[in-house]
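Coordinate inspection notes
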Amino acid sequence: MRIGMALNYAGGFKETVAELADYEKAGLDIVYVAEAYSFDAVSQLGYIAAKTERLEIASGILPIYSRTPTLLAMTAAGLDFVSEGRFTLGIGASGPQVIEGFHGVPYTAPLGRTREVIEICRKVWRRERLQHEGKYYAMPLPEGEGTGLGKPLKLINHPVRQDIPVLVAAIGPKNVELTAEIANGWEPIFYLPEKAADVWGASLAAGRAKRDPALGELDVVGQAALAIGDDVDGFLEFGRPMAALYIGGMGAKGKNFYNNLCRRYGWEKEAEEIQDLYLAGKKDEAAAKVPHELLEKMSLIGPEGHVRERLAAMKESGITTLNVTPVAGDHKSRLALIEKVKAMAAEV
């Protein structure tokens, strides 16, 4: 398993990046930068590319609605250029709360748009004269739309790679199937190895059955908080507010993908209670309802033997890249956690 880490987009970015060289030396393989409704991820990824040498970089994720497909392709080619071939384009649909609320764009046809975005990006990277007649995107614009002066163009620069990896964040059955069919990587959230096959197994199998062998194996990116020791179980509690935010507050009744996932894991009652409490403004009470098993099984927190067992379970379930959040009081201790989990992952 590769070992990755996500950077916090809420603040202290330069200070965090200044520490990345140490993580790189400690064996970190890839770093992800999110783009929610904070600073854009692209400028930060370019900054990271300039401050690192070996470390792979990835957007985790860029929403497909906030840029044209062609701009996504240009951006990926540019970041791959400045990083000398170290970039992965992570994309996702995000959700209507952000897309319609912050970007002012209708949240429509996420599956169809994702498929076309990936098709268009790959055409651009191959430097084809761009012609695309899809249901959601058309290049050039067809007759009767615009000025009529558009013409097929190809990327001026020669990309470092024509096959920049594309990672898709997905948790819904159809979106996971699409990802397994056409993407290089898949990033779920709240990944529980013991329940992954029941929830996503059929979708992954259906997508892989249609997959082009030239794409290679699907990179499966799991996420886990990391703390190793005999006295770290309390760190599990740090995950409650974030889990409650997603399960309870990301969307509305009937329109919350993370709440649906919690239900599919078997916690229907808890998912209902968390959402009701969170939407009523009772965030602490909502967090208290997050199942302990969910926090435990999606984390690497506990004694060394327990963490080894969880690593083995994640690898056996199909995880190929493990995106960890080291939980410790200082930089030196976080570095030690990265070194330790890198060594442990190589042994399982």
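Heads up: the structure comes first, above all this text.
Residues numbered from 1 in each chain as written. Predicted model: local features only at pLDDT ≥ 70, side-chain atom pairs only at ≥ 80, totals over all residues. Heavy atoms only, no water.

Examining the overall build of the chain
Helix and strand content of the chain: 15 helices and 12 strands. Taking 348 residues into account, the globule formula puts the C-alpha radius of gyration at 20 Å, and the chain, at 20 Å, falls close to it. C-alpha atoms of the chain, sized along the principal axes, occupy 65 × 45 × 40 Å. When the 348 residues of the chain are sorted by exposure, 49% land in the buried category. Surface summary for the chain: the accessible area is close to 16,400 Å², and the carbon and sulfur share equals 54%. Of the side-chain charges in the chain, 40 are positive and 46 negative, and the distance between the mean point of each set is 4 Å. (Helix = DSSP H or I, 4+ residues; strand = E, 2+ residues; numbered from the N terminus. Rg over C-alpha atoms; globule rule 2.2 N^0.38 Å. Buried < 20%, exposed > 50% of the residue type's maximum accessible area, 1.4 Å probe, protein only. Areas by Shrake-Rupley, 256 points an atom, 1.4 Å probe, with all protein chains shown as cover. Lys, Arg positive; Asp, Glu negative; His and termini not counted. Charge placed at Lys NZ, Arg CZ, Asp CG, Glu CD.)

As for helix H11 (residues 268-279)
Residue pairs three or four apart in sequence face the same way in an α-helix, which turns once every 3.6 residues. Relative to the 16 Å expected for 12 residues at 1.5 Å per residue, H11 spans 17 Å between its end C-alpha atoms, a close match to the ideal helical length. Residues Ala-271, Ile-274, Gln-275, Leu-277 and Tyr-278 constitute the buried set of H11. Looking at the buried side of H11, the elements it contacts are helix H9 (240-249), helix H10 (257-264) and helix H12 (283-288). Within two residues after H11, Gly-281 carries a phi angle of roughly 85 degrees, on the positive side. (Expected span 1.5 Å × (residues − 1). Contact = heavy atoms within 4.5 Å.)

Quick notes on the side chain of Asn-323
Mapped onto the secondary structure, Asn-323 falls in strand E12 (residues 321-326). A polar contact of 3.2 Å, which involves the side chain of Asn-323, links it to the backbone nitrogen of Ala-6. Apart from the residues within four sequence positions on either side, Asn-323 is in contact with Gly-4, Met-5, Ala-6, Tyr-32, Glu-187, Val-221, Gly-222, Gln-223 and Ala-224. (Polar contact = N/O pair within 3.5 Å; in protein donor to acceptor, adjacent residues only side chain to side chain.)

Observations regarding a nonpolar patch on the surface
Nonpolar side chains collect at one region of the surface, where Phe-81, Val-82 and Val-160 lie side by side and expose about 290 Å² of accessible area between them. With respect to the element layout, Val-82 can be found in helix H4 (residues 69-82). (Patch = residues over 30% accessible without salt bridge, like charges linked within 9 Å, V, L, I, M, F, W, Y side chains within 5 Å. Salt bridge = Lys/Arg side-chain N within 4 Å of Asp/Glu carboxyl O.)

Examining unusual backbone geometry
Following Gly-60, the chain continues into Ile-61 via a peptide bond in cis, with omega recorded as 15 degrees. Cis geometry is adopted by the peptide bond preceding Pro-140, which originates at Met-139 and carries an omega value of -10 degrees. Mapped onto the secondary structure, Pro-140 falls in the loop between strand E7 (138-139) and strand E8 (166-169). For Ser-94, which is not glycine, the phi dihedral falls at a positive 60 degrees. For Ala-109, which is not glycine, the phi dihedral falls at a positive 45 degrees. Assignment of secondary structure puts Ala-109 in the loop between helix H5 (96-101) and helix H6 (110-125).

Side note on the environment of Leu-130
Mapped onto the elements, Leu-130 comes out in the loop between H6 and strand E6 (132-133). C-alpha separation for the pair Leu-130 and Lys-151, spaced 21 residues apart in sequence, amounts to 8.7 Å. If sequence neighbours within four positions are ignored, Leu-130 has contacts with Thr-70, Ile-120, Lys-123, Val-124, Met-139, Pro-140, Pro-152 and Leu-153.

Focus on the pairing of E12
Among the six residues of E12, five are classified as buried, and the element is accordingly described as predominantly covered. In this sheet, E12 lies alongside strand E10 (residues 219-228) in parallel orientation, the contact comprising six bridges. Bridge pairing in E12 links Ala-225 to Thr-325. (Pairing = 2+ DSSP bridges.)

Describing the packing of aromatic side chains
Applying the stated criterion to the full structure yields 10 aromatic pairs. Where Trp-186 meets Trp-200, the ring centres are 5.2 Å apart and the plane angle is 85 degrees; that geometry is what we call edge-to-face. Of the two residues, Trp-186 sits in strand E9 (residues 185-187) while Trp-200 sits in helix H8 (residues 193-209), which places them 14 residues apart along the sequence. The exposure class assigned to Trp-200 is buried, which follows from its relative accessible area of 0%. The side chain of Lys-195 reaches across the aromatic face of Trp-267, ending 4.6 Å from its centre. (Phe/Tyr/Trp six-rings, centres within 6.5 Å; stacked < 30°, edge-to-face > 60°. Lys NZ or Arg CZ within 6 Å of the ring centre and 35° of its normal.)

Things to note about the nonpolar core
Counting residues in each nonpolar core, the largest one holds 102 residues, and the members touching the most others are Leu-20, Trp-125, Phe-190, Trp-200 and Leu-300. Apart from residues no more than four positions distant in its own chain, Trp-200 is found in contact with Ile-171, Val-176, Trp-186, Pro-188, Ile-189, Tyr-191, Leu-261, Arg-264 and Tyr-265. With five residues, the next largest nonpolar core counts Ile-30, Ala-58, Leu-167 and Val-221 among its residues. (Core = buried A, V, L, I, M, F, W, Y, C linked by side-chain atoms within 4.5 Å.)

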